[in-house]
Amino acid sequence: VQLQASGGGLVQAGGSLRLSCAASGRTFSNYAMGWFRQAPGKEREFVAAISWSGGSTYYADSVKGRFTISRDNAENTVYLQMNSLKPEDTAVYYCAADPLITDAQAFSIKNGRRYWGQGTQVTVSS
């Protein structure tokens, strides 16, 4: 089971980035997936989650209205479109999948058997 995150980079404040997370090794179409981030000196925090079907999503208040999570189950891939980026969005972003959770909101607070990707750096300059 592997999650490969990509799409990070350096962007100016107000800019956009799109992160991708490709899953391999097994089919994640029945699992909720999501993104977390960890800034230097801070704990890892929840960013966004999407239900197994893609029918529901859930966001941290800090990114609501700016970030959009989506998934393509045929490609075993989840995306995070990040718009209106701020310097405080600077962090390493990790994708995750949990085979024991199907609901997006539950994914944000529960850890069934979470798989993690390797992380991708997002840096937003002011």
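Here the structure is shown first, and the text comes after it.
All values derive from a computational prediction rather than experimental measurement.

*Asks:* Which residues make up the pairing of strand β11 (residues 120–125), and what are the values?
*Replies:* Only one face of β11 is covered, namely the face carrying Thr120, Val122 and Val124; the face carrying Gln121, Thr123 and Ser125 is uncovered. In this sheet, β11 lies alongside strand β2 (residues 9–12) in parallel orientation, the contact comprising four bridges. Bridge pairing in β11 places Leu10 opposite Thr123. Relative to β11, strand β9 (residues 91–98) is paired through three bridges, and the arrangement is antiparallel. Its bridge partner lying in β11, Ala91 is registered against Val122.

*Asks:* Can you lay out the pattern of salt bridges for me, pointing to particular residues and giving the numbers?
*Replies:* Following the criterion strictly, the structure yields four salt bridges and no others. As a salt-bridge pair, Arg37 and Glu45 come within 2.7 Å of each other at their nearest N and O atoms. Of the residues examined, Glu45 reaches a relative accessible area of 35% and is grouped as partly exposed. The shortest N-O distance in the salt bridge between Arg66 and Asp89 comes to 2.8 Å. Here Arg66 is found in the loop between β6 (57–59) and β7 (67–72), whereas its partner Asp89 is found in the loop between β8 (77–82) and β9, with 23 residues between them in sequence. Accessibility assignment for this pair places Arg66 and Asp89 in one class, buried. Residues participating in the shared-partner salt-bridge network are Arg37, Glu45, Arg66 and Asp89.

Calculation notes
Residues numbered from 1 in each chain as written. Predicted model: local features only at pLDDT ≥ 70, side-chain atom pairs only at ≥ 80, totals over all residues. Heavy atoms only, no water. Buried < 20%, exposed > 50% of the residue type's maximum accessible area, 1.4 Å probe, protein only. Helix = DSSP H or I, 4+ residues; strand = E, 2+ residues; numbered from the N terminus. Pairing = 2+ DSSP bridges. Salt bridge = Lys/Arg side-chain N within 4 Å of Asp/Glu carboxyl O.

The analysis is restricted to geometry; functional conclusions fall outside its scope.
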